[in-house]
Amino acid sequence: MPGPTERRLLTLALNVMLAVAILAAGVLAWRFAGGPPPDGPPGVRVARLPPGSFVWASAPDDLRYLPDGLRAQDAGRLALLLLRERDGTLRAFYLPRQGGRASVPAAASPAVAGIPCEDMAPDFGRGDIACRQTSAGFDFAARHRWSLQGRALSPGTPDLYAVPGQELDGDWLPRALRR
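Treat the numbers as computed from the prediction; the structure is a model and nothing was measured.

**Q** Give a description of empty space enclosed by the protein that names residues and reports values.
**A** Using the criterion set out here, one finds one cavity of 30 Å³ or more in the structure. Of the volumes computed, that of the largest cavity is approximately 40 Å³. Lining the largest cavity, in full, are Tyr94, Pro96, Pro105, Ala107, Ala108, Ser109, Pro110, Asp159, Leu160 and Tyr161. In terms of residue class, the lining of the largest cavity is built from eight nonpolar, one polar and one charged.

Structure, rendered in structure tokens:
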């Protein structure tokens, strides 16, 4: 039978092992309590987006998914247009944003401020994307039109900035534009 000194050492060793186990469990619980790390692409739920419809979303604030010329804090200057064509094809475009609304792109890069528009939207009947309601003093915004594939239909108008990505399990996931 162990003596009092040996029992104290054994008790001390068991207490140390228990403290280490509790600490390790606490660290693991803290690390995984928030779910998986945000290393993957930020997705947009499109499972219920039927053919011939569209949805506006915020641009991801992760630099890897933003066009050149923009910083992560500039993501609010972009609107993400996701549209599902009648054949089921899903397309995504970045458009400049002003006053909380998508605006008419004035340059090939969405980093450049656009022309204010009250209602920038696709029209699946007409097969185009355009400014449907111009902002006061910006009537010329209605002159710019694009196909549903993002190609310019108006002279002097740049193509829309297509955002590469894929649909996976009901989510649209952008592909990184840079590392």
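**Q** Pulling in residues and values, what's your account of the side chain of Ser154?
**A** Its place among the elements puts Ser154 in the loop between β8 (145-147) and β9 (161-162). When its relative accessible area of 9% is taken as the criterion, Ser154 is described as buried. Engagement of the side chain of Ser154 in a polar contact is seen with the backbone oxygen of Arg143, the distance being 2.8 Å.

**Q** Mind laying out the sheet that holds β8, listing which residues take part and the relevant values?
**A** An order of β6-β7-β8 is seen for the three strands of this open sheet, with the pairing classed as antiparallel. Each of the sheet's edge strands pairs with one partner strand only, and the pair in question is β6 (117-123) and β8. Averaged over neighbouring strand pairs, the angle between their axes works out to 25° when direction is ignored. The sheet contact formed by strand β7 (residues 128-134) and β8 spans three bridges and is antiparallel. Directly across from Asp128, in β8, lies its bridge partner Ser147.

**Q** How would you sum up the state of the cysteines? Please name residues and give values.
**A** Taken as a whole, this structure holds one disulfide when the rule is applied. Paired through a disulfide, Cys117 and Cys131 show a sulfur-sulfur distance of 2.2 Å. As the torsion about the S-S bond is roughly 105°, the Cys117-Cys131 disulfide counts as right-handed. Of this pair, Cys117 sits in strand β6 while Cys131 sits in strand β7, and the two are 14 residues apart along the sequence. Residue classification places Cys117 among the buried positions, given a relative accessible area of 4%.

**Q** How would you summarise the nonpolar core if you had to cite specific residues and measurements?
**A** Within the largest apolar cluster, 18 residues are counted, with the highest numbers of intra-cluster contacts made by Val46, Leu66, Leu80, Leu82, Tyr94 and Trp172. Broken down by secondary-structure element, the contributors of at least two residues to this core are β3 (78-84) and β4 (90-98). Sequence-distant contacts of Val46, that is, excluding residues within four places in its chain, are made with Leu82, Arg84, Leu90, Glu167, Gly170, Asp171 and Trp172. Counting residues in each nonpolar core, the second largest holds 17 residues, with Leu95, Val104, Cys117 and Phe124 among its members.

**Q** Tell me what's going on with the pairing of β7, and back it up with residues and numbers.
**A** Counted residue by residue, β7 has five buried out of seven residues, so it is predominantly covered. Counted along the chain from β6 to the antiparallel partner β7, the turn is four residues long, and its residue Gly127 has a positive phi close to 75°.

**Q** An account of the sheet that holds strand β1 (residues 44-45) is needed here, citing residue identities and associated values.
**A** Strand order in the open sheet formed by three strands is β1-β11-β10, and the pairing between neighbours is antiparallel. Two strands close off the open sheet at either side, each with one partner strand: β1 and β10 (165-168).

**Q** Can you break down unusual backbone geometry residue by residue, with the values?
**A** The phi dihedral of Asp169 falls on the positive side, at around 50°, and the residue is not glycine. Position of Asp169 relative to the elements: it lies in the loop between β10 and β11 (171-174).

Rules used in this analysis
Residues numbered from 1 in each chain as written. Predicted model: local features only at pLDDT ≥ 70, side-chain atom pairs only at ≥ 80, totals over all residues. Heavy atoms only, no water. 1 Å grid on protein atoms, 1.4 Å probe; cavity = no way out; pocket = protein on both sides within 12 Å on 5 of 7 lines; lining within 4 Å. Points joined across faces, edges and corners; volume = space filled by probe spheres on them. Nonpolar A, V, L, I, M, F, W, Y, C, P; charged D, E, K, R; others polar. Helix = DSSP H or I, 4+ residues; strand = E, 2+ residues; numbered from the N terminus. Buried < 20%, exposed > 50% of the residue type's maximum accessible area, 1.4 Å probe, protein only. Polar contact = N/O pair within 3.5 Å; in protein donor to acceptor, adjacent residues only side chain to side chain. Pairing = 2+ DSSP bridges. Axes fitted to C-alpha atoms, helices over the stretch in contact; angles between N-to-C directions. Disulfide = S-S within 2.5 Å. Core = buried A, V, L, I, M, F, W, Y, C linked by side-chain atoms within 4.5 Å. Contact = heavy atoms within 4.5 Å.

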